[in-house]
Amino acid sequence: MQSIVFVNPFTNTENAYISRQIDMVARCGYEPRPLCLTAVLMGRCGGLWARENTVMVHWLENRVFKVGVKSRGVSIRGLAEFLAYTAILITARARVVHVVHDHEVHDVKDSLRWLSRAAVRLLRWVADARVVHDPSFAEHYGAHYLPHPLYSEPVEAPPPHDRDVPHFAAMGAIRPYKRLAEVLDVWPPDAPLLIAGRGDGEYVARLHEIVARRGLAGNVAIQDRFLSDAEFFDTLGDQDVLLLPHREGANLVSGAFFAGVGRVRMVLARRSPFIDWVASQADGVMAFENDSRLADAVEDMLRRWNTLRDVDLTTTAVDLFGDAACERAYRAFLAQQPQVLVPEGRH
């Protein structure tokens, strides 16, 4: 009989991460099943009390806070759901694995960031094992490093575009934690930039105001709409450089990085431990320190574009995060019953 891997959430409409993970679990010989409160209450998750099974939890801390608002307060219903899931994880005999994606929940009110961090810390404490996709934080969180899967493994590197200047793109949800307003405040007027994704109306209006005030309309475009997977990848394929300006300390890795590999040849990102690590492994990843240095980094790329246009990170990224690398790592991790590691601060 196959061992079961319960996954929560089991669907994710924002990106392909969960579907890729479920596929990876199945490829490793396990039966992926959803973990949800309804199924538990109806007695369809009896495997939670069998030691040979595993539970993998992602972003459960997000339930504590309201969705669809730019400054997120507490959701009473979501908090109740979070506590119910936590109780299930505590009582389950299956091995509980918490995948630590973020240091804290995105866009939470400043006065509630302590609660966000506490929710993440509680899940780490409850879990029998933790997983991170940034090897830099494996020791800090007492976690196992597993590579984050590429959203679609490229067959070959994308062809370089015949342009005099690179085209930049910031893709995905248009949200404050990505610091897009701060990007536009310093963006060089002669550098083409596309911002594409669904966003909060007030925040998008703020971006348009900055574009108008700084006279950027000739080279900066904002597409505020939901993009299907096909539109997302086609649009990204027309660009040269993926821009990742996410607020420092918001998350361990950016999902957009793993969507961009094989669609763009280069990534320009705010410096983080993960970005520094992957830049040491692959050509095509460049970092900037802070908002004030972003313009310098972009202008440097404009000046050096004739020598940079052939740089490409695809091959090395596939070696690090492709299907073969992920399957090896996941298979080894799921096959063992690892010693419970103690993260920093848990005594």
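Residues numbered from 1 in each chain as written. Predicted model: local features only at pLDDT ≥ 70, side-chain atom pairs only at ≥ 80, totals over all residues. Heavy atoms only, no water.

### Remarks on the pattern of salt bridges
Pairing between side chains of opposite charge can happen when the charged atoms of each approach one another. Across all of its chains, the model carries 25 salt bridges by this definition. With a shortest N-O distance of 3.9 Å, Arg 27 and Asp 23 are connected by a salt bridge. Highlighted residues: Arg 27 and Asp 23, both in helix H1 (residues 17-27), separated by four residues, approximately one helical turn. Given a relative accessible area of 32%, Arg 27 falls into the partly exposed group. According to the relative accessible area criterion, Asp 23 is partly exposed, its value standing at 33%. Residues joined in a network through salt bridges with shared partners are Arg 20, Asp 23, Arg 27, Asp 323, Glu 327 and Arg 331. (Salt bridge = Lys/Arg side-chain N within 4 Å of Asp/Glu carboxyl O. Helix = DSSP H or I, 4+ residues; strand = E, 2+ residues; numbered from the N terminus. Buried < 20%, exposed > 50% of the residue type's maximum accessible area, 1.4 Å probe, protein only.)

### What to know about the sheet that holds strand E10 (residues 241-244)
Sheet architecture is open: six strands sit in the order E9-E8-E7-E10-E11-E12, paired in parallel fashion. Here the strands that pair on one side only, and so sit at the sheet edges, are strand E9 (220-224) and strand E12 (285-288). Each adjacent strand pair in this sheet contributes to an overall mean axis angle of 20°, direction not counted. In this sheet, E10 lies alongside strand E7 (residues 168-171) in parallel orientation, the contact comprising two bridges. Within E10, the residue paired with Ala 169 across the bridge is Leu 242. Helix H9 (residues 273-281) rests against strand E11 (266-270) and E12 of the sheet, and its axis sits at about 145° to E12. (Pairing = 2+ DSSP bridges. Axes fitted to C-alpha atoms, helices over the stretch in contact; angles between N-to-C directions. Contact = heavy atoms within 4.5 Å.)

### Digging into helix H13 (residues 323-335)
For H13, with 13 residues, the first-to-last C-alpha span of 18 Å sits near the 18 Å given by 1.5 Å per residue. Where H13 is concerned, the buried positions are Ala 325, Cys 326, Glu 327, Ala 329, Tyr 330, Phe 333 and Leu 334. (Expected span 1.5 Å × (residues − 1).)

### Overview of the environment of Arg 33
Examined against the element boundaries, Arg 33 turns out to sit in strand E2 (residues 31-34). Among the residues examined, Arg 33 registers a relative accessible area of 28% and is labelled partly exposed. For the pair Arg 33 and Arg 51, spaced 18 residues apart in sequence, the C-alpha to C-alpha distance is 16 Å. Among all residues touching Arg 33, those that are not within four sequence positions of it are Ile 4, Val 5, Phe 6, Val 7, Phe 10 and Arg 44.

### What to know about the packing of helix H12 (residues 314-321) against H13
Where H12 meets H13, the axes come as close as 5 Å, and the angle between the chain directions of the two elements is 20°. Taken together, H12 and H13 sit at an angle that is classed as roughly parallel. Within the contact between the two elements, H12 uses Asp 319, Leu 320 and Phe 321 and H13 uses Asp 323, Ala 325 and Cys 326. Among the residues forming the contact of H12 with H13, the class breakdown is four nonpolar, no polar and two charged. (Parallel < 35°, antiparallel > 145°, perpendicular 65-115°, else oblique. Nonpolar A, V, L, I, M, F, W, Y, C, P; charged D, E, K, R; others polar.)

### So, helix H3 (residues 76-91)
With 16 residues, H3 should cover 22 Å at 1.5 Å per step; its first-to-last C-alpha distance of 23 Å lies within 8% of that length. If you follow the buried residues of H3, they end up packed against strand E1 (4-8), helix H2 (37-41), strand E3 (54-58), strand E4 (95-99) and helix H4 (113-126).

### So, the layout of surface pockets
Of the pockets and cavities examined, the second largest pocket occupies roughly 270 Å³. Forming the boundary of the second largest pocket are 21 residues, of which Asn 251, Leu 252, Arg 270, Arg 271 and Ser 272 lie nearest the centre. Counting residues per element, the ones that place at least two in the lining of the second largest pocket are E11 and H9. No other element matches H9, which puts three residues into the lining of the second largest pocket. The class makeup of the residues in the lining of the second largest pocket is ten nonpolar, six polar and five charged. (1 Å grid on protein atoms, 1.4 Å probe; cavity = no way out; pocket = protein on both sides within 12 Å on 5 of 7 lines; lining within 4 Å. Points joined across faces, edges and corners; volume = space filled by probe spheres on them.)

### Remarks on the confidence of the model for the protein chain
Per-residue pLDDT for the protein chain averages 91, and the proportion of residues at 70 or more is 96%. When the elements of the protein chain are averaged for pLDDT, helix H7 (residues 229-237) gives the smallest value, 89, and helix H5 (residues 180-186) the largest, 97. (pLDDT = per-residue confidence, 0-100.)

### With respect to the pairing of E1
Across the five residues that make up E1, a large majority, five, are buried. Burial along E1 is two-sided: the face carrying Ile 4, Phe 6 and Asn 8 and the face carrying Val 5 and Val 7 are both buried. Sheet topology note: the E1/E2 ladder contains four bridges and is parallel. Within the sheet, the bridge partner assigned to Val 5 lies in E2 and is Pro 32.

### Some thoughts on the sheet that holds strand E5 (residues 129-132)
The strand order across the open sheet built from six strands is E2-E1-E3-E4-E5-E6, with neighbouring strands paired in parallel fashion. Either end of the sheet is taken by a strand with one partner, and the two such strands are E2 and strand E6 (144-145). Summarising the sheet, E4 and E5 pair through three bridges and their orientation is parallel. Counterpart to His 98 in the pairing with E5 is Arg 130.

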